[in-house]
Protein chains: 2
Amino acid sequence: MLAAAAKIFVERGYAGTTMRAIADDVGLKAGSLYYHFPSKELLIEAVLDMLIHGVSNAVYSAIAALPPGATYFDRIKAAVQAHLDSITAYGEYALASRRVLSQVPPHIRRKHVRLRDAYGDFWCQLLQNGQDAGEIRGEFDVRLARTFILGALNSIVEWYNPEGKSLDEVGSQFIRLISDGLCLQTQGSSQRP
Amino acid sequence: MLAAAAKIFVERGYAGTTMRAIADDVGLKAGSLYYHFPSKELLIEAVLDMLIHGVSNAVYSAIAALPPGATYFDRIKAAVQAHLDSITAYGEYALASRRVLSQVPPHIRRKHVRLRDAYGDFWCQLLQNGQDAGEIRGEFDVRLARTFILGALNSIVEWYNPEGKSLDEVGSQFIRLISDGLCLQTQGSSQRP
DNA sequence: GTCTATAGCACGATAGAC
DNA sequence: GTCTATCGTGCTATAGAC
């Protein structure tokens, strides 16, 4: 039922989603939904909660499962893959968060922006630790690097098709891109040591 | 008027945007809007058109303005900066495209997906040329690299604040990230020559 | 070019039968 | 736990005065 709601919120937006459409999708009548959820607001809130908790728990667990001697870059690799795996597993929920967060009532939006920011701060800290340990070049602003990394990773829900490349392949190409870069020889950056 | 429409489409979604709200924002009454635009559908279409044409023209012009001897990586750098500059210049239009495209009537959505795909193909070709010329490592799938790059660049409209870093600084950090990578020494990639 | 007024329809939510 | 029926509201779009 949450999954049906997420799908329809994505297709029609918050205001465009009707309780009748969600009810149809799960084989009920509109009035019956109110037995399970007291309002449309609490429905979208449940969808948004499911995503942020699902993704952040998946990432925190993946890092906690690493051996004690793991480098910061090992942690970043594990976080990238876990983020990728969970965000695609929660497909429609992730799209709902991406597209309708700006349309939900303000008190719900504020709560989720806070949760999302806390997750973003975790990434900043991870990159900062890597930089302090000398694994990441000092010239990078970690907040900027974090937004690029999460921006690229999150965009996968827009196009990923399970019939194509595996998530492991996608993740490992991305890790190679952010660690070593695209270029064989540096063309224009004079900052390289 | 288009700018007001873009802003409200982002805040409320397609269905949630009322002609009254747009009219209010520009100091008119709802009925008067129909003198300028025949329907809500054509309003969102004009907003979406403005963005895709604005961004792609900015990028194509930036590349056309390069000297004849420019490397492919010079072209990529110019495209990154022009994309970044134009997407932030069209702020609300870009957000509208990101968030409400999935909610507009199908015939309008299909047309814009086609335009967006054509622009994506241009990026693929750019990266492919760079790879053929030996400037980009052969191990990368150019389609994947393109989606990561555009995903990261497009996410800037979600957080960019003109009071912080300049767009030139943001662009140059991003270019350094995709060209050289984050890492001082490669930690886990055995594919490096 | 902008207004008022309204037709025709669909919405969220509730009440009460079963 | 699901149904039908309905209240009050607000929407797009149009018609015609100014």
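### As for the protein's contact with DNA strand D
Contacts to DNA strand D come from 13 residues, most closely from Lys 29, Ser 32, Tyr 35 and His 36 of chain A together with Arg 20 of chain B. Close to the protein, within 4 Å, the atoms of DNA strand D belong to sugar or phosphate groups at a rate of 68%. Take Met 19 of chain B: an N or O atom from its main chain is 3.1 Å from a phosphate oxygen of DNA strand D. Within the side chain of Tyr 34 of chain B, an N or O atom sits 2.9 Å from a phosphate oxygen of DNA strand D.

### Here's the deal with the relation of the copies chain B and chain A
With an RMSD of 0.0 Å, chain B superimposes on chain A once it is rotated by 180 degrees and translated 0.0 Å along the axis. Accordingly, the operation relating the two chain copies is best matched by a two-fold axis. When the interface residues of chain B are mapped onto chain A, 98% of them again fall at the interface, so both copies present the same face.

### What about the confidence of the model for chain A?
In the predicted model, chain A carries a mean pLDDT of 95, and 95% of its residues have values of at least 70. Note on residues 187-193 of chain A: pLDDT is under 50 here. Beyond four places in sequence and across chains, it has 13 contacts.

### Overview of the pattern of salt bridges
All names here are of chain A. Scanning the entire structure with this criterion turns up 14 salt bridges over all chains. A salt bridge links Arg 99 to Glu 158; its shortest N-O distance comes to 2.4 Å. With Arg 99 in helix α6 (residues 91-100) and Glu 158 in helix α9 (residues 156-159), this residue pair connects regions lying 59 residues apart in the sequence. Arg 99 gets classed as buried once you look at its relative accessible area, which sits at 10%. Residue classification places Glu 158 among the partly exposed positions, given a relative accessible area of 35%. A single salt-bridge network, built from bridges that share partners, covers Glu 45, Asp 49 and Lys 111.

### A few points about the interface of chain B and chain A
Facing the 51 residues of chain B at the interface are 50 residues of chain A. Carbon and sulfur atoms supply 58% of the area buried between chain B and chain A, which totals about 5,100 Å² over both sides. Among the residues chain B hides against chain A, the three largest losses belong to Phe 148, Asp 180 and Leu 182 of chain B. Together they make up 15% of the total. A salt bridge links Lys 165 of chain B to Asp 141 of chain A, with the shortest nitrogen-to-oxygen separation between them at 2.8 Å. Applying the counting criterion to the chain B and chain A interface returns 26 residue pairs in polar contact (both at pLDDT 80 or more).

### Brief notes about the packing of aromatic side chains
Tallying each qualifying case throughout the model produces 14 aromatic pairs over all chains. Seen from their ring centres, Tyr 119 of chain B and Phe 122 of chain B are 6.4 Å apart, and the 20 degrees between their planes marks the pair as stacked. In this pair, Tyr 119 of chain B and Phe 122 of chain B both sit in helix α7 (residues 106-132), three residues apart, roughly one turn of the helix. Residue classification places Tyr 119 of chain B among the buried positions, given a relative accessible area of 6%. For Phe 122 of chain B, a relative accessible area of 22% puts it in the partly exposed group. One aromatic cluster is present, formed by Tyr 60, Tyr 119 and Phe 122 of chain A through successive ring pairs. Against the face of Tyr 14 of chain B rests Lys 40 of chain B, its NZ or CZ located 4.8 Å from the ring centre.

What counts, and at which threshold
Residues numbered from 1 in each chain as written. Chains lettered and ligands numbered in written order. Predicted model: local features only at pLDDT ≥ 70, side-chain atom pairs only at ≥ 80, totals over all residues. Heavy atoms only, no water. Near = heavy atom within 4 Å. Polar contact = N/O pair within 3.5 Å; in protein donor to acceptor, adjacent residues only side chain to side chain. Least-squares fit on C-alpha atoms with pLDDT ≥ 70 in both. Contact = heavy atoms within 4.5 Å. pLDDT = per-residue confidence, 0-100. Salt bridge = Lys/Arg side-chain N within 4 Å of Asp/Glu carboxyl O. Helix = DSSP H or I, 4+ residues; strand = E, 2+ residues; numbered from the N terminus. Buried < 20%, exposed > 50% of the residue type's maximum accessible area, 1.4 Å probe, protein only. Buried area = accessible area lost by both parts, 1.4 Å probe. Phe/Tyr/Trp six-rings, centres within 6.5 Å; stacked < 30°, edge-to-face > 60°. Lys NZ or Arg CZ within 6 Å of the ring centre and 35° of its normal.

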